[in-house]
Amino acid sequence: MVSAELDYTIEIPDQPCRSRESSPEQGRKEAGTRQPVVILLGWGGCTDKNLAKYSAIYHKRGCIVIRYTAPWHMVFFSESLGIPSLRVLAQKLLELLFDYEIEKEPLLFHVFSNAGVMLYRYVLELLLTHRRFCHLRVVGTIFDSGPGDSNLVGALRALAAILEHRPAVLRLLLLVAFALVAVLFHILLAPLTALFHTHFYDRLQDSASRWPELYLYSRADEVVLARDVERMVEARQAHHVLVCSVDFVSSAHVSHLRDYPTYYSSLCVNFMRSCVQC
């Protein structure tokens, strides 16, 4: 089912959200274990069809799954200008849990690239500070191909991919505009910008969240650099967060599931199980 207002998709399994695993070894441990509601936050320009492939990992195991991707113009321009418009979307996303009366279920976030991380940043702030949302029970977060620090070349590659089917002149104008905004606000005016807007990467490094995190990345990624992900892993470990990370070595940006479908799925499912059973 799809909402015109937020343009999200929710998949609700036919059976109650309890573990469907039937292996005898896990049967005793997982009997009656409630599966989390999984929220997928898509990468810039991805379609619901793209996210559905990831959604299937969880839905067929009895999870309610919510899929949402923030509009690309908010990700690339509003955030670059320090305008927190994504915060409104983050609040609407969390309010869906109350609309569907699933706010008491455990939550697992699966976040893709910097576009997903930018939205997750505001979700995180609301979870930690908002009176209505601070009682929601997050059990873990998976980061796929992110987060990355200020990599202008990588961001331009990502934006160019989104604009691939736009007229050439418009595509060029938007790329130049984004590059100018990024250089002006994040390099030349960085000290001034920092007074009213904290970069999402810095915010995540020092986040007060303490649930487990899984980072899935690749040194072959040309959009988000592996060293940025590894630096984030070290920072979160320094805050005593239980962190796991996997370098897929050869897969491109947000292509780990495509290149390693069985391995990727098993990593996600095993992480989900471990989080729910903690």
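**A word on the packing of helix H4 (residues 86–99) against helix H5 (residues 113–129)**
At their nearest, the axes of H4 and H5 sit 8 Å apart, and the two run at 60 degrees to each other. Seen along the crossing, H4 lies across H5 with a hand that is right-handed. Residue-level inspection shows Leu-86, Arg-87, Leu-89, Ala-90, Gln-91, Leu-93 and Leu-94 of H4 in contact with H5, the latter providing Met-118, Leu-119, Tyr-122, Val-123, Glu-125, Leu-126 and Leu-127. Taken together, the residues of the contact of H4 with H5 break down into 11 nonpolar, one polar and two charged.

**What to know about helix H10 (residues 226–238)**
Here H10 is 13 residues long and its end C-alpha atoms lie 18 Å apart, about the 18 Å a rise of 1.5 Å per residue gives. Taken together, the buried positions of H10 are Ala-226, Asp-228, Val-229, Met-232, Val-233, Ala-235 and Arg-236. Elements that come into contact with the buried residues of H10 comprise helix H9 (200–205), strand S6 (213–217) and strand S7 (243–247). His-240 lies just past H10 and shows a positive phi near 65 degrees.

**Some words on the sheet that holds strand S4 (residues 107–112)**
Judged by pairing direction, the sheet is mixed, and its seven strands sit side by side in the order S1-S3-S2-S4-S5-S6-S7 without closing on themselves. With partners counted over all chains shown, the strands left at the sheet margins are strand S1 (9–11) and S7, one partner each. Strand after strand, the sheet turns through a mean of 15 degrees between neighbouring axes, direction not considered. The pairing of S1 with strand S3 (residues 65–68) spans three bridges and is antiparallel. By the bridge assignment for S3, Ile-10 is matched with Ile-66. Here H5 sits on the sheet in contact with strand S2 (37–41), S3, S4 and strand S5 (138–144), set at roughly 145 degrees to S4.

**Considerations on the pattern of salt bridges**
Inspection of the entire model under this criterion finds 11 salt bridges. Glu-125 serves as the salt-bridge partner of Arg-203, at 3.1 Å between the closest nitrogen and oxygen. Residue Arg-203 is found in helix H9, and its partner Glu-125 is found in helix H5; the two are separated by 78 residues along the sequence. By relative accessible area, Glu-125 is classed as buried at 19%. If you follow the salt bridges from partner to partner, you end up with Arg-87, Arg-121, Glu-125 and Arg-203 in one network.

**Some thoughts on the nonpolar core**
Leu-97 and Phe-109 are the most contacted members of the largest nonpolar core, which totals 61 residues. Ignoring anything within four residues of it in the chain, the contact list for Leu-97 reads Val-37, Ile-39, Ile-66, Ile-102, Glu-103, Leu-107 and Leu-136. Formed by 28 residues, the second largest nonpolar core is a distinct cluster that contains Cys-46, Val-254, Met-272 and Cys-275.

**Some points on H4**
Spacing of three or four residues puts side chains on the same side of an α-helix, whose turn is 3.6 residues. Here H4 spans 20 Å end to end across 14 residues, near enough to the 20 Å set by a 1.5 Å rise per residue. Close packing links the buried residues of H4 with S2, S3, helix H3 (72–78), S4 and H5. Just beyond H4, the residue with positive phi is Glu-101, at close to 60 degrees.

**Things to note about the side chain of His-199**
Mapping His-199 onto the fold places it in the loop between helix H8 (190–193) and H9. Given the relative accessible area of 16%, His-199 is considered buried. There is a polar contact of 3.1 Å between the side chain of His-199 and the backbone nitrogen of Tyr-201.

Parameters and conventions
Residue positions are given per chain, counting from 1 as you read along its sequence in written order. Since the coordinates come from a predicted model, pLDDT governs what is reported: local features require at least 70, and pairs of side-chain atoms require 80 or more to be given and counted, while whole-chain, interface and lining totals use all residues. No hydrogens and no water enter the side-chain calculation; it runs on all heavy atoms of the structure. For helices, the axis comes from a line fit to the C-alpha atoms of the stretch in contact; other axes are also lines fit to C-alpha atoms, and the angle between any two N-to-C directions lies between 0 and 180 degrees. The numbering of helices and of strands both runs from the N terminus, where a helix is a DSSP run of H or I of at least 4 residues and a strand a run of E of at least 2. The crossing is said to be left-handed when, going from far helix to near helix, the turn is anticlockwise and less than a right angle, and right-handed when the turn is clockwise. Residues are treated as being in contact if the distance between any of their heavy atoms lies within 4.5 Å. Following the grouping adopted for this structure description, the nonpolar residues are Ala, Val, Leu, Ile, Met, Phe, Trp, Tyr, Cys and Pro, the charged ones are Asp, Glu, Lys and Arg, and the polar ones are all others, Gly among them. The span you would expect from a helix comes to 1.5 Å times its residue count less one. The buried label applies to any residue whose accessible area, calculated with a 1.4 Å probe on protein chains only, is under 20% of its type's maximum; exposed applies above 50%, and partly exposed to all values in between. One requirement defines pairing of two strands: DSSP has to find at least two bridges between them. For this analysis, a salt bridge means a side-chain nitrogen from Lys or Arg found within 4 Å of a carboxyl oxygen belonging to Asp or Glu. What we call a nonpolar core is a set of buried Ala, Val, Leu, Ile, Met, Phe, Trp, Tyr and Cys residues that are connected through their side-chain atoms within 4.5 Å. In protein, a polar contact means a hydrogen-donor-capable atom and an acceptor-capable atom, both N or O and within 3.5 Å, with residues adjacent in sequence counting only if both atoms are side-chain atoms; elsewhere, any N or O pair within 3.5 Å suffices.

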